[in-house]
Each structure stands twice: as structure tokens, then as C-alpha cells.
Amino acid sequence: MTSELFSPLSLRSGQVLRNRIAKAAMEENMAADGQLPGAELLRLYRRWAGGGTGLLITGNVMVHAEALTGPAGVVLDEAAPLKPFIEWAKAGKAGGGAIWMQINHPGRQIGSDMPGVVWGPSAVGVDLGKHSGRFGRPVAMTARQIEETVTRYAVTAQRAEQAGFDGVEVHAAHGYLLSQFLSPLVNKRTDQWGGSPENRARMLLDVVRAVRAAVSPSFAVAVKLNSADFQRGGFDADDARQVIEMLAPLGVDLVELSGGSYESPAMSGRAADARTQAREAYFLDLAKDLVGSSPVPLMLTGGITRRETAERVLDSGVAVVGMGTALAVTPDLPARWRTGGGAERQLRPVTWSDKALASAASMAQVRHQMRRIARGSRPTPGTHPAVALIAEQRRQRRALRRYRDWLGRTRGAA
């Protein structure tokens, strides 16, 4: 079957994606000892590499060893050994597609039980109501900390290229650090990094400039951006349009559109303000508003599971279709689409009224499937979300002990 889905896409860097289907980043939380990619991650990415996508984007890799989204997060900084990342890149390219590394700093979205630092543009904590204590209280970053963090992104990108990755995606969505700087609800600064949209975008733009300068022209540089935060008074589609226009002159190959944060988990279809309740392609309506004016090719991620939906996304003018959960359940879904097939099953829905717990359970379900794939087993989409969440919490406790020990031994932190 012929389709635009399976047509190549040439990017600004000169890189050519073999088709328009990408595995979007999903936080695997599967680091081996030393916060490095290990055998599990390699097996998982070899499976995805053979599944027919044109592009694999890794789960977020941390640029700062003292600031992780979870205790089993992978870290690539100046001190990390490169060999495990070389093996990861090879695994991701085993099927003939490209692999990009998503690079990230969590900022204030760090668990209160985690060692290290909890930073933000301002001292505004994550508001999850009765669950707010799950996160640490942030301190406002100093100018020096901001500049050092920009450098960390560039170092990680440079080392990713040295390891054999084809590109990086700078994570500026889902309420992580760069998204926090973009948000008028979180960024209360009155200096050059706060106030106007241009000032709130300054750190992201500086990161992209530093990354682009640190890598070769043929290395792809992408940005993941919220189409909206789905919080009243927060980052919205007009802000996204302005940021995309600012990014265009900086050599960005692709902007991936998503949405939400821990406070409003629209990326799992559960926005706090109920503006994205679609079962598929959560952010398509917002993407349609942006695609006509965007000077950069756009990728859309969020709830895409069927070929018909993917085709509809491309018909809107979006250049790349991103899928996450669908590929954790059916890792060869693009290959199935090519021959007229489809997904076997979908994850058991999480219908809990508590949005924070429901979002955590949804993520635990996805990670449960990824771990099964990494072990060579078939996914079990019918796993009860409570079972997945409890198992995830146990793994996190074990990983936290390992991370604390590693950080204390190698970085002099408590």
C-alpha cells in the first residue's frame, strides 16, 4: 500500500527520514548501573528498530547528573563513559532508520525523595493538590546556573553525536525546565529571562544555539514544544506560534508538538481544563492552527494509534506522525500498517478520577509493556493499572537506592 506515511522527508540539516512515522520519546526509566544504557534498553531499541519507523527518539536523557526525572534515568554528561551510548545508537539504527536522543533537565519536576538539586525559573512548586508533596520545593536559578545548564545541553548533544546518534531533540514540553521558563505561571522572573515571551524563551533559544554550535551541520536538532500547557493563564497556542518563529532561524530541523505537564497531564489525554478529551490525536486541532504559519516542519504526538488517524494528521500539513504508547503495545505497528494490518490491542483504560494518580498509572502501564518487550516477551495490554503502578513504585524504590549510592560515590552529593 502506498501512502505519504511511507514517503521520505528531507530535513534542513540534509538528513533524510525514510518515512513519516516516528517513535516519540517515552521515559523508559530503565538505566543500568551508573545511570547508563544497558542490555534492557538495547534489546528494546533493537525491537523498535525492526518495527518500520523512520525515526526513533529516545526517552529523555539527563544533561545534569544531580537532576533526574526519576532514579532510573540515563545520564549523558562530560563524565559518562561513551561506549554504552555507542551501543545504544547502533541498536536504534539496526533496522535502517534514524535515532535521535531526547535531552532534558527536569527543573522543578523532581521527586521530593530524590537527592541532588531542584531548580526552576522561580521558587514556584508543582501544584498537585494533595499530591504536591511528591515533588521537591524548587529554588530560583541564578544567572550562573542558567548559563552552566545551557552548556550542559551542548555537551550532551556533542557527546550524542560522538556516540553515533543522528540528532537530538531538546525537550521544552511537559513542564520540564525549559517549559517552566516558557510558562508565565511558573516563570515569575523580572530579569532578562522573565516577563515578555521573548525573555521567557531566552533559555530555550540559548540552548538551541549552543547545541547547534556544538554539533556538525548534518546532525539533526529538534525541539519538543507544548502546543499549550492546558492551564488557564499558562503557555498557549499563540505563545507556541511565537516560539516556533523564534526557533526557525536557529537551524532547527523539526518541532514536535505535544502538550500538558504533571499539573495538567494532557499528554495522557487528561487535561485539567478538559480542552483535549479526544481519544486520538489529542493536539491535532491546535496543530492545525500552527501548521499554516510554521516555518519549521512539525511533528504531532499524542494518542495516535490507527493508520486512519495518522493519515488525517499528515493531511493537516503535519510532516511527521509521532507515536508512543501504541508502539509500547505493538512495537512493529508501522510495518503492520504498510501491509494493511493494525494494532492487536490497546492498553486497559485508566478511569480513575484522581488525574495525578491516573497519569502515574498510565505511565506505569506503558513502562510495564516496554520492560516486557526488553525481556523478549509479548506485551500484556490488559494489565490492571493498579498492578502496574505498584510494581513501578517498588522498582523506583530500588532504583533510588542505587542512584543515591552512585551519586554519592561519583559526584560527591548526598
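The coordinates are above.
### Concerning the overall build of the chain
Now for step 1: Counting its secondary structure elements, the chain contains 13 helices and 13 strands.
Now for step 2: Here the C-alpha radius of gyration of the chain, 19 Å, is about what a compact globule of 414 residues would show, namely 22 Å.
Now for step 3: Each principal axis of the C-alpha distribution contributes one length, and for the chain these read about 55 × 45 × 45 Å.
Now for step 4: Summed over all atoms, the accessible surface of the chain reaches about 15,400 Å², with 49% contributed by carbon and sulfur.
Now for step 5: When the 52 positive and 39 negative side-chain charges of the chain are each reduced to one mean point, those points stand 7 Å apart.

### What about the pairing of strand 10 (residues 220-226)?
Now for step 1: With 7 of 7 residues buried, strand 10 lies mostly within the body of the structure.
Now for step 2: Side chains of strand 10 alternate between two faces, with Ala220, Ala222, Lys224 and Asn226 and Val221, Val223 and Leu225 buried alike.
Now for step 3: Bridge count between strand 9 (residues 167-172) and strand 10: 6 bridges; the pairing is parallel. Each bridged residue has a counterpart across the sheet, and for Glu169 the counterpart in strand 10 is Ala222.
Now for step 4: Relative to strand 11 (residues 254-258), strand 10 runs parallel, the two sharing 5 bridges. Counted as the bridge partner of Leu225 is Leu257 from strand 11.

### Topic: a positive patch on the surface
Now for step 1: A cluster of basic residues, Arg394, Arg397, Arg398, Arg401 and Arg402, forms a positive patch at the surface.
Now for step 2: Following the sequence through the fold, Arg401 ends up in helix 13 (residues 385-411).
Now for step 3: Arg401 sits in the exposed class, given a relative accessible area of 56%.

### With respect to the pattern of salt bridges
Now for step 1: Counted by the stated rule, this structure contains 18 salt bridges.
Now for step 2: The closest approach of N and O atoms between Arg241 and Asp238, which form a salt bridge, is 2.9 Å. With Arg241 and Asp238 both in helix 7 (residues 237-247) and 3 residues apart, the pair spans about one turn of that helix.
Now for step 3: Look at Arg241 and you get partly exposed, because its relative accessible area is 23%.

### Things to note about the environment of Glu161
Now for step 1: Mapped onto the secondary structure, Glu161 falls in helix 3 (residues 143-163).
Now for step 2: Spatially, the C-alpha atom of Glu161 lies 9.2 Å from that of Met101, the residues being 60 residues apart in sequence.
Now for step 3: Excluding residues within four positions of it along the chain, Glu161 makes contact with Val215, Ser216 and Phe219.
Now for step 4: Within the structure, the side chain of Glu161 is placed 2.4 Å from the side chain of Ser216, a separation counted as a polar contact.

### So, the nonpolar core
Now for step 1: Among the nonpolar cores identified, the biggest contains 108 residues, and Phe85, Met203 and Leu204 are the most heavily contacted of them.
Now for step 2: Apart from the residues lying within four places of it in its own chain, the contact partners of Phe85 are Leu36, Pro37, Val74, Val75, Leu76, Ala80, Met101, Ala163 and Phe165.
Now for step 3: Residues Leu17, Ala25, Leu55 and Ala319 belong to the second largest nonpolar core, which totals 16 residues.

### A word on unusual backbone geometry
Now for step 1: At Gln35, a position not held by glycine, the phi torsion is positive, near 60 degrees.
Now for step 2: As for its placement among the helices and strands, Gln35 is situated in the loop between strand 3 (21-23) and helix 1 (39-49).
Now for step 3: Look at Gln35 and you get buried, because its relative accessible area is 4%.
Now for step 4: The phi angle at His174 is positive, at roughly 60 degrees, despite the residue not being glycine.

### As for the packing of aromatic side chains
What describes a pair of aromatic rings is the distance from one ring centre to the other and the angle between the planes of the rings.
Now for step 1: Inspection of every chain in the model, using the stated rule, returns 5 aromatic pairs.
Now for step 2: Aromatic pair Tyr45 and Trp88: ring centres 5.5 Å apart, planes at 85 degrees, arrangement edge-to-face. Pair noted here: Tyr45 is in helix 1 and Trp88 is in helix 2 (residues 83-92), with a separation of 43 residues, a long-range link.
Now for step 3: Residue Tyr45 is classed as buried on the basis of its relative accessible area, which comes to 0%.
Now for step 4: Between Phe85 and Trp88 the ring centres are 6.4 Å apart and the planes differ by 45 degrees, which places this aromatic pair in the tilted class. Taken together, the residues Phe85 and Trp88, both in helix 2 and 3 residues apart, mark about one turn of the helix. Assigned by exposure class, Phe85 and Trp88 land together as buried.

### Let's talk about helix 7
Now for step 1: Turning to helix 7, its buried residues number three or more, namely Ala237, Asp239, Ala240, Val243, Ile244, Met246 and Leu247.
Now for step 2: A distance of 3.2 Å separates the backbone nitrogen of Asp238 from a side-chain oxygen at the start of helix 7, and that oxygen is part of Asp236.

### Structural notes on helix 12 (residues 355-374)
Now for step 1: Given a rise of 1.5 Å per residue, 20 residues ought to cover 28 Å, and the 29 Å separating the end C-alpha atoms of helix 12 matches this to within 8%.
Now for step 2: For helix 12, the tally of buried residues reaches 17 of 20 residues, placing the bulk of the element in the interior.
Now for step 3: Where helix 12 starts, the residue carrying a side-chain oxygen 3.2 Å from the main-chain nitrogen of Ala356 turns out to be Asp354.
Now for step 4: Following helix 12 by one or two positions, Gly376 adopts a phi angle in the positive range, close to 85 degrees.

### Considerations on the packing of helix 7 against helix 8 (residues 284-291)
Now for step 1: Between helix 7 and helix 8, whose axes approach to 10 Å, the crossing angle comes to 45 degrees. Our classification of the angle between helix 7 and helix 8 gives oblique. Between helix 7 and helix 8 lies a crossing whose hand is right-handed. Residues Ala237, Ala240 and Arg241 of helix 7 pack against Leu286, Asp289 and Leu290 of helix 8.
Now for step 2: Within the contact of helix 7 with helix 8, the residues separate by chemical class into 4 nonpolar, no polar and 2 charged.

### Looking at the side chain of Asn19
Now for step 1: Structurally, Asn19 is set in the loop between strand 2 (16-17) and strand 3.
Now for step 2: At a separation of 2.7 Å, a polar atom in the side chain of Asn19 contacts the main-chain amide nitrogen of Gly54.
Now for step 3: When neighbours within four sequence positions are excluded, Asn19 is seen to be in contact with Leu5, Phe6, Ser7, Pro8, Gly52, Thr53 and Gly54.

Rules used throughout
Residues numbered from 1 in each chain as written. Predicted model: local features only at pLDDT ≥ 70, side-chain atom pairs only at ≥ 80, totals over all residues. Heavy atoms only, no water. Helix = DSSP H or I, 4+ residues; strand = E, 2+ residues; numbered from the N terminus. Rg over C-alpha atoms; globule rule 2.2 N^0.38 Å. Areas by Shrake-Rupley, 256 points an atom, 1.4 Å probe, with all protein chains shown as cover. Lys, Arg positive; Asp, Glu negative; His and termini not counted. Charge placed at Lys NZ, Arg CZ, Asp CG, Glu CD. Buried < 20%, exposed > 50% of the residue type's maximum accessible area, 1.4 Å probe, protein only. Pairing = 2+ DSSP bridges. Patch = residues over 30% accessible without salt bridge, like charges linked within 9 Å, V, L, I, M, F, W, Y side chains within 5 Å. Salt bridge = Lys/Arg side-chain N within 4 Å of Asp/Glu carboxyl O. Contact = heavy atoms within 4.5 Å. Polar contact = N/O pair within 3.5 Å; in protein donor to acceptor, adjacent residues only side chain to side chain. Core = buried A, V, L, I, M, F, W, Y, C linked by side-chain atoms within 4.5 Å. Phe/Tyr/Trp six-rings, centres within 6.5 Å; stacked < 30°, edge-to-face > 60°. Expected span 1.5 Å × (residues − 1). Axes fitted to C-alpha atoms, helices over the stretch in contact; angles between N-to-C directions. Parallel < 35°, antiparallel > 145°, perpendicular 65-115°, else oblique. Left-handed = near helix turned anticlockwise from the far one by under 90°. Nonpolar A, V, L, I, M, F, W, Y, C, P; charged D, E, K, R; others polar.

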